[in-house]
2 protein chains.
Amino acid sequence: MSEDTKVQGTRERLVSTAADLFGRQGLSATGIKQILAGSKAQFSSLYHHFPGGKDQLAAEAIRTAGLGYQQFVEEIWDGAGDLLAGVRSIFDGAAYVLEATDYADACPIATIALEVASTNEDLRLATAEVFESWNRAATVRFVAGGITPSVARELAVALIALLEGAFVLSRAAKSPESMLVAGKTAVAMVERALALVEPHGG
Amino acid sequence: MSEDTKVQGTRERLVSTAADLFGRQGLSATGIKQILAGSKAQFSSLYHHFPGGKDQLAAEAIRTAGLGYQQFVEEIWDGAGDLLAGVRSIFDGAAYVLEATDYADACPIATIALEVASTNEDLRLATAEVFESWNRAATVRFVAGGITPSVARELAVALIALLEGAFVLSRAAKSPESMLVAGKTAVAMVERALALVEPHGG
């Protein structure tokens, strides 16, 4: 039992350390030594858990960090009360975290997504899978709010584009302006879509 | 004269090769050797033109590519006839170029912006300067369309966030969907802002 826990602990530490470093500085800038130091792991542990080396670890870090971020955002969204308050909270929360971490904590997979898009097909597919999962999670919420599936899908795509673009711009400028404007834009966009929803009899 | 031309040619080739590689695969993945091979330059030329080495070359590549992209987009925008057609053309053009280049040619500085945001203050400032220049160029066009400066600034920020986010998502998915939805969203947003502009007597 304690042996299992220890083995699992090392694997999880490798993944979370790698995900943090990839998110902040990217895949190429992050060496194996830095991942091992950050996760207090031996070289042999890395290849025990990830025989495919850095690429296999990166694929798992992308999926784990991407779905972890999705859960985090879904909790904020669903805890906000209604659809509009949820959308507002996501962007306000992102602006808050950016400022609180000196613009280091942002989308956990955007840097790596741009690095690998034209250079590593397996990792590109891992990032695409994560973004598609986010799109589906947002679409489901818009549909639950009475919006038609095709409009809901477009709102989801636009919301995630606004969020991702604002991460790039706010991190570059070290300013929350882009994230706050992106949030205002997303809220207005969803407000208009909701205004077109036909009221159901009750 | 021919000596000058040759010297300038090498410098420009170094900058444009570096900018292309940084845009497609990022700063960290791009080694000096790859830049020299791509620009058919010697190691000594690099340090002759850029005594500060890779970082100095990167700062110039960011500014040159960022302002080059701005000019490219401004020509598309201004050639489109009116403000709405201009906004539509930017996103349609980006979707076209993404598809035509197998999703390799996108924002020339987004990858590097995310890589350096928390790790290289000089290069972060270069990316911030480029994005701010884009913001000002878009704001000027919205103000010329009769939109108040504060709303124009927000439209510019939201437009660039949509564009940047869609580059991340479209490259990851190898699909134009996000870019096309981002364009539709940007056009709708500008349309509503224009509808609120008070008509001037004529």
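On a predicted model such as this, the values are computed, not experimentally measured, just so you know. (Residues numbered from 1 in each chain as written. Chains lettered and ligands numbered in written order. Predicted model: local features only at pLDDT ≥ 70, side-chain atom pairs only at ≥ 80, totals over all residues.)

Caption draft 1: Highlighting the relation of the copies chain B and chain A. Its rotation angle being 180°, the transformation that places chain B on chain A also includes 0.0 Å of axial translation and leaves an RMSD of 0.0 Å. On the angle and the small slide along the axis, the relation comes out as a two-fold axis. Every residue of chain B has its C-alpha some distance from the rotation axis, and the shortest such distance is that of G165(B), at 1.8 Å. Both copies share a contact surface, since 100% of the interface residues of chain B are interface residues in chain A too. (Least-squares fit on C-alpha atoms with pLDDT ≥ 70 in both. Contact = placed C-beta atoms within 7 Å.)

Caption draft 2: Quick look at the packing of helix α8 (residues 149-173) of chain A against helix α9 (residues 177-195) of chain A. All names here are of chain A. Where α8 contacts α9, the two axes come as close as 7 Å, and the packing angle between them is 170°. As summarised for this structure, α8 and α9 are arranged roughly antiparallel, according to the angle between their axes. Contacts from V151, L155, A158, L159, L162, L163, G165, A166, L169, S170 and A173 of α8 reach α9 at E177, S178, M179, A182, T185, A186, M189, V190 and A193. Tallied by class, residues from the contact of α8 with α9 come to 15 nonpolar, four polar and one charged. (Axes fitted to C-alpha atoms, helices over the stretch in contact; angles between N-to-C directions. Helix = DSSP H or I, 4+ residues; strand = E, 2+ residues; numbered from the N terminus. Parallel < 35°, antiparallel > 145°, perpendicular 65-115°, else oblique. Nonpolar A, V, L, I, M, F, W, Y, C, P; charged D, E, K, R; others polar.)

Caption draft 3: Region of the structure containing the interface of chain B and chain A. Taken together, the contact pairs 40 residues of chain B with 40 residues of chain A. Only α1 (2-25), α6 (110-116), α7 (121-144), α8 (149-173) and α9 (177-195) of chain B provide two or more residues apiece to the side of chain B that touches chain A. Sorting elements by how many residues they give to the side of chain B that touches chain A places α8(B) first, with 15 residues. Its residues assigned to classes, the side of chain B that touches chain A comprises 23 nonpolar, 10 polar and seven charged.

Caption draft 4: Representation of the packing of helix α4 (residues 53-79) of chain A against helix α5 (residues 83-100) of chain A in the model. All names here are of chain A. Contact geometry for α4 and α5: axes closest at 7 Å, N-to-C directions at 135°. Here α5 runs oblique to α4, going by the angle between their axes. The handedness of the crossing between α4 and α5 comes out as right-handed. Taking contact as the criterion, the partners of V73, I76, W77 and D78 in α4 are, on α5, G86, S89, I90 and G93. Across the contact of α4 with α5, the residue classes break down as four nonpolar, three polar and one charged. (Left-handed = near helix turned anticlockwise from the far one by under 90°.)

Everything listed here is a matter of coordinates, which is why it stays silent on function.
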